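Here is how the chains run, residue by residue.
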Amino acid sequence: MKKSEVNRFNKLYEHHLRSLKLQGKAKKTIDAYSRAIRRARDYFDCCPDKLKPEHFEQYFADLVDSHSWSTVKIDRLGLQFFWKYTLKLDWKWTGVVHNLKVTRKKAMKTVVDQCGIKKKSPCIPWSFEGNKCYLQLPYSRLR
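All values reported here derive from a predicted model rather than from experimental measurement.

Undergrad: Is there a simple way to explain helix H3 (residues 53-66) in this structure?
TA: Every α-helix winds through 3.6 residues per turn, so residues three or four apart in the chain are directed the same way. The end-to-end C-alpha distance of H3, which contains 14 residues, comes to 20 Å, matching closely the 20 Å that a straight helix rising 1.5 Å per residue would cover. For H3, the full list of buried residues reads Phe56, Tyr59, Phe60 and Leu63. Projected down its long axis, H3 shows its buried positions confined to an angular sector of 95°, all on one face. On the buried face of H3, the contacting elements are helix H2 (27-44) and helix H4 (69-86).

Undergrad: Even after reading the chapter, I still don't get the packing of aromatic side chains, so can you show me in this structure?
TA: Working definition: an aromatic ring pair is given by the centre-to-centre distance plus the angle between the planes. Taken as a whole, this structure holds 12 aromatic pairs when the rule is applied. Between phenylalanine 9 and tyrosine 13, the aromatic rings sit 5.5 Å apart at their centres with planes inclined by 25°, giving stacked as the arrangement. Here phenylalanine 9 and its partner tyrosine 13 are both found in helix H1 (residues 3-22), four residues apart, which amounts to about one turn of the helix. Tyrosine 13 carries the same exposure label as phenylalanine 9, and that label is buried. With 5.2 Å between their ring centres and 65° between their planes, tyrosine 59 and phenylalanine 60 make a pair best called edge-to-face. Residue tyrosine 59 is classed as buried on the basis of its relative accessible area of 2%.

What counts, and at which threshold
- Residues numbered from 1 in each chain as written.
- Predicted model: local features only at pLDDT ≥ 70, side-chain atom pairs only at ≥ 80, totals over all residues.
- Heavy atoms only, no water.
- Helix = DSSP H or I, 4+ residues; strand = E, 2+ residues; numbered from the N terminus.
- Expected span 1.5 Å × (residues − 1).
- Buried < 20%, exposed > 50% of the residue type's maximum accessible area, 1.4 Å probe, protein only.
- Arc of directions from axis to C-beta.
- Contact = heavy atoms within 4.5 Å.
- Phe/Tyr/Trp six-rings, centres within 6.5 Å; stacked < 30°, edge-to-face > 60°.

Put into structure tokens, the structure is as follows:
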């Protein structure tokens, strides 16, 4: 990047950090959202305010290949925050990357399915609390 672009990025980045703090985001959220901005800057070698949705299609495609879906989701949210609160622009990129909504219950059932346990059996009651899955089996004494 040119020196003028580096200076513009640094100003926008500081404004982004200030906006995250003023919105009451947690420290880990601030770290993750700011990492998303730095990652986009490094990938494109320019200030992210110059980018358009078609640029991000390839970016997210490469990110899916190299990182987990949770990283992709956090980067999308971080860039969305940057556009909305730092650049004060609308985020109209809904088609760029799919908004995944995976619940813990669904994820846990997938893990249980992969273990080969039949979850649909009426004999095996399941209960889900938070991120824990409990298999409720009756206790019987063997003699």
